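Here is how the chains run, residue by residue.
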Amino acid sequence: MAMTNHERVGKAMDLLRAGLTPFTEREMTSVHKAQAAEVARRYVGDDRTIGRKPIAEWDVAALLKLMWEAWNDVFGRTLGRAERSLVQELRDWRNKWAHQEPFTSDDADRALDSMARLLTAVSAPQADEVGKMKMELRRLIFDEQVRGEKRKAGGSLIETTASGALKPWREVVNPHPDVASGRYQQAEFAADLWQVHLGEGTDEYRKPAEFFRRTFLTESLKRLLVGAVERLSGKGGDPVVQLQTNFGGGKTHSMLALYHLFGGSAPGELAGVDEVMAAAGVAKLPTARRVVLVGNKISPGNPKPKPDGTLVRTLWGELAWQLGGKQAFARVAKDDEKATSPGDALRELFRDYGPCLILIDEWVAYARQLHDAADLPGGSFETQFTFAQALTESAKLAGNCLLVISLPASDTQGSPHTQADDVEVGGVRGREALDRLRNVVGRVESSWRPASAEEGFEIVRRRLFEPIGTEHSRRDVTGGRASSSCTEHPGTEFPPECVDERLREAHPGRLSHSPGDLSTGCIRTGPRW
């Protein structure tokens, strides 16, 4: 029997409770010590459902109320305004669910999305399961919409007739199979480095050849890849790169390109990599040991057991284990157990296990959850930046290591109160973590910039559509065959702005200098084919 939206939200609420419990208990204890449970009960007030129960046994309604009421004193230090809004919204969804009110599919989607976002902000592993529930619901919604449209159209969604010599673009340009079949979801357009590291996710991100086939190598990304090849081939290159843009600026996609570039795939299978190798002056790509650290996927409060029995507590323990398993971890085992920075042991690891590529994403999301005291397995807030300094210096000295770090962008101009993106930074500790990490990394990092607006068109086109194979097809979609009639009868087919010189400047080499070769088909369906 199919799950109802009400049942779906209820199951997700159970996961939300499981993910929030250790975080709320940990943060309350950090501030109020032994009195944490008693103080928490005062925040919640007269609630007979919790009685004298410890926080670990509270239901999700009580946990959300505690986070809301104790925000200024406790949780606002770690989380930001975006998460505070999520807490209030989820309290409303929980009340609606408890009162057996109906949930539309849109309601359920919104509730699941908010739960996944809050769980991700506290590095709860339950975020992935809620995210999968959300994606499954969206597929169900889409399938129902398609069936409804087919019924209305009598089985056909697209009117295929065309008038004149200019073919409709949909007859010439084919979308990728996931787009054409309806499996494409906007949320899957966002790359997930950790998911790829685990060998999961969609083929377009998980498989190197498919990833590069759909990836447009912007000028910035080319420079990044060329520098990485030089560095790991022993031909120079910067040891540390900081990727710093606003949310959605392409940092994770750039890291995925690096991850796949040095994964051992044949260069001939990776579109555009031959140009990267030529620019770097190498005939062979080095195969590097790859380390992936994603801050909102690794919890500083929950040690992680590995398949070989190793228990990892810290970021440096995770780094060492990914480099060389139990043997490499043994070199930092004591520092991992005591949550102290491993210092020069990192340089020795990089030297002995190189070439190596270290990718760190969402570091601020991890650091902001640490406390001033070393009461968490992941260490103290201060120790995190001692480790950051040791890491950047070790990468520089090792000679065969490339360290790439993603940090949220910060607007330092104008008012001194203008801060970085609240979604990625969070509360007070998040902002301090960003400032500290930027200062440490900024001493040795090289510059990087995101894709330009013009390059953005090609990025989206490659993601949504298959390549147009022949010149004949390209002329069909750009209106080349219809250009003569447009020249003979100006104004009858194309609006005047289609012959603007700015279009030729924006797309050099793609548009003819003849006004007859410009068409609405070209402008409206994408800039570069």
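Residues numbered from 1 in each chain as written. Predicted model: local features only at pLDDT ≥ 70, side-chain atom pairs only at ≥ 80, totals over all residues. Heavy atoms only, no water.

Now for the overall build of the chain. Regarding its fold elements, the chain presents 25 helices and 7 strands. On the chain, roughly 25,000 Å² of surface is accessible, and the fraction owed to carbon and sulfur atoms is 50%. (Helix = DSSP H or I, 4+ residues; strand = E, 2+ residues; numbered from the N terminus. Areas by Shrake-Rupley, 256 points an atom, 1.4 Å probe, with all protein chains shown as cover.)

Tallied over the entire structure, the rule returns 1 cavity of 30 Å³ or more. Put simply, the largest cavity is a space of about 40 Å³. Every residue lining the largest cavity is counted, 10 residues in all, and those nearest its centre are Glu 362, Trp 363, Ser 406, Leu 407 and Pro 408. Within the residue set of the lining of the largest cavity, elements represented by two or more residues are helix 17 (363–367) and strand 6 (401–408). Its residues placed into classes, the lining of the largest cavity shows 5 nonpolar, 1 polar and 4 charged. (1 Å grid on protein atoms, 1.4 Å probe; cavity = no way out; pocket = protein on both sides within 12 Å on 5 of 7 lines; lining within 4 Å. Points joined across faces, edges and corners; volume = space filled by probe spheres on them. Nonpolar A, V, L, I, M, F, W, Y, C, P; charged D, E, K, R; others polar.)

Bringing the nonpolar core into the picture now. Core analysis: the biggest nonpolar cluster contains 82 residues, and Leu 319 and Phe 350 have the highest contact counts within it. When sequence neighbours within four positions are dropped, the list of residues in contact with Phe 350 reads Leu 319, Leu 323, Cys 356, Ile 358, Leu 391, Ser 394, Ala 395, Ala 398, Asn 400 and Cys 401. Listed in part, the 47 residues of the second largest apolar core include Val 39, Met 67, Trp 71 and Val 87. (Core = buried A, V, L, I, M, F, W, Y, C linked by side-chain atoms within 4.5 Å. Buried < 20%, exposed > 50% of the residue type's maximum accessible area, 1.4 Å probe, protein only. Contact = heavy atoms within 4.5 Å.)

For the rest of this paragraph, the subject is the packing of aromatic side chains. As enumerated under the stated definition, the model contains 6 aromatic pairs in all. Summarising the aromatic geometry, the rings of Trp 93 and Phe 103 are spaced 5.8 Å apart at their centres and angled 35° between planes, so their arrangement reads as tilted. Within this pair, whereas Trp 93 is found in helix 4 (residues 81–98), its partner Phe 103 is found in the loop between helix 4 and helix 5 (105–121), the two being separated by 10 residues in sequence. Take Trp 93: its relative accessible area is 13%, and that puts it in the buried class. Taking the relative accessible area as the measure of exposure, Phe 103 reaches 8% and is therefore buried. Ring centres of Phe 211 and Phe 212 lie 5.5 Å apart, and the angle between their planes is 85°; on these two criteria the pair is classed as edge-to-face. Each member of the pair Phe 211 and Phe 212 is classed as buried. (Phe/Tyr/Trp six-rings, centres within 6.5 Å; stacked < 30°, edge-to-face > 60°.)

Interaxial distance between helix 18 (residues 381–398) and helix 20 (residues 428–441) falls to 9 Å at its minimum, and their mutual angle equals 20°. By the angle between their directions, the pair helix 18 and helix 20 is classed as roughly parallel. The two elements helix 18 and helix 20 meet at a crossing, and its hand is right-handed. Packed against helix 18, whose contacting residues are Phe 381, Glu 382, Phe 385, Ala 388, Gln 389 and Thr 392, the element helix 20 presents Arg 429, Glu 432, Ala 433, Arg 436, Leu 437, Val 440 and Val 441 at the interface. Here the residues of the contact of helix 18 with helix 20 are counted per class, giving 7 nonpolar, 2 polar and 4 charged. (Axes fitted to C-alpha atoms, helices over the stretch in contact; angles between N-to-C directions. Parallel < 35°, antiparallel > 145°, perpendicular 65-115°, else oblique. Left-handed = near helix turned anticlockwise from the far one by under 90°.)

A residue-level look at the chain finds 73% of positions with pLDDT of 70 or above and a mean pLDDT of 81. Residue range residues 411–421 is modelled with pLDDT below 50. Its contacts to residues more than four positions away, or to other chains, number 10 contacts. Scored below 50 in pLDDT, residues 479–485 makes 12 contacts in the model with residues more than four places away or belonging to other chains. (pLDDT = per-residue confidence, 0-100.)

A few words now on the environment of Lys 235. Within the secondary structure, Lys 235 sits in the loop between helix 11 (219–232) and strand 1 (240–245). If we skip the residues at most four places from it in the chain, Lys 235 touches Glu 230, Ala 280, Gly 281 and Val 282.

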